[in-house]
Amino acid sequence: MRTDISNWMPITVSEINKMFSDMPLYWCIAGGWALDLHLCKQTREHSDIDVIIIRDEQLIAYQYLKRDWKLYKAEDGKLDLWEDGEYLNSTMTYGLVGAARRLGLFK
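Residues numbered from 1 in each chain as written. Predicted model: local features only at pLDDT ≥ 70, side-chain atom pairs only at ≥ 80, totals over all residues. Heavy atoms only, no water.

(A) Geometry of the side chain of Glu57. Mapped onto the elements, Glu57 comes out in the loop between strand S2 (50-53) and helix H3 (58-65). Among buried charged residues, Glu57 stands out as having no salt bridge; its nearest opposite-charge side chain is Arg55, 12 Å away. For Glu57, the side chain forms a polar contact with the main-chain nitrogen of Tyr26, separated by 2.9 Å. Setting aside chain neighbours within four positions, we find Glu57 in contact with Leu25 and Tyr26. (Helix = DSSP H or I, 4+ residues; strand = E, 2+ residues; numbered from the N terminus. Buried < 20%, exposed > 50% of the residue type's maximum accessible area, 1.4 Å probe, protein only. Lys, Arg positive; Asp, Glu negative; His and termini not counted. Salt bridge = Lys/Arg side-chain N within 4 Å of Asp/Glu carboxyl O. Polar contact = N/O pair within 3.5 Å; in protein donor to acceptor, adjacent residues only side chain to side chain. Contact = heavy atoms within 4.5 Å.)

Written out as structure tokens, the structure reads:
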């Protein structure tokens, strides 16, 4: 279990687009970056990028992302590994899924 949730470096919107564009699922950028993309300008610094997928397609995303990333689920301020085949039922409990690139996204 990881407890260093704030010890990471975000990737860019372009990198997110490249990663998710090849996946056979519906996805979109949400939160602050979604507003900035709508406005066609960055209005502030962002510490993360929120990506929304359809819950029923989460295992598709997992299969694609696990190739290059170590995937985590966040719960109660702690990161636990998101296990292969594990279906995340609750958006309240697992509202954030952290991912660490195997090459060292975490500091």
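The structure having been displayed, the exposition proceeds.
(B) A look at H3. Every buried residue belonging to H3 is among Gln58, Ala61, Tyr62 and Leu65, and all of these are buried. Projected onto a plane normal to the axis of H3, the buried residues spread over an arc of 105° and lie on a single side. (Arc of directions from axis to C-beta.)

(C) Geometry of the environment of Asp48. When you line up the elements, Asp48 lands in the loop between helix H2 (31-39) and S2. Among the residues examined, Asp48 registers a relative accessible area of 29% and is labelled partly exposed.

(D) Expanded view of the pattern of salt bridges. Under the counting rule described, the total for this entry stands at two salt bridges. The salt bridge involving Glu86 is made with Lys73; its shortest N-O contact spans 2.3 Å. Of the two residues, Glu86 is situated in the loop between strand S4 (78-81) and strand S5 (99-101) and Lys73 in strand S3 (residues 69-75); the sequence distance between them amounts to 13 residues. Of the residues examined, Glu86 reaches a relative accessible area of 22% and is grouped as partly exposed.

(E) Spotlight on the packing of aromatic side chains. Tallying each qualifying case throughout the model produces two aromatic pairs. Measuring from centroid to centroid gives 4.9 Å for Tyr62 and Trp82, while their planes differ by 70°, and the two rings are edge-to-face. Of this pair, Tyr62 sits in helix H3 while Trp82 sits in the loop between S4 and S5, and the two are 20 residues apart along the sequence. On the basis of relative accessibility, which here comes to 7%, the residue Trp82 falls in the buried class. For Arg67, the ring lying beneath its charged end belongs to Tyr64, and the centroid distance is 4.4 Å. (Phe/Tyr/Trp six-rings, centres within 6.5 Å; stacked < 30°, edge-to-face > 60°. Lys NZ or Arg CZ within 6 Å of the ring centre and 35° of its normal.)

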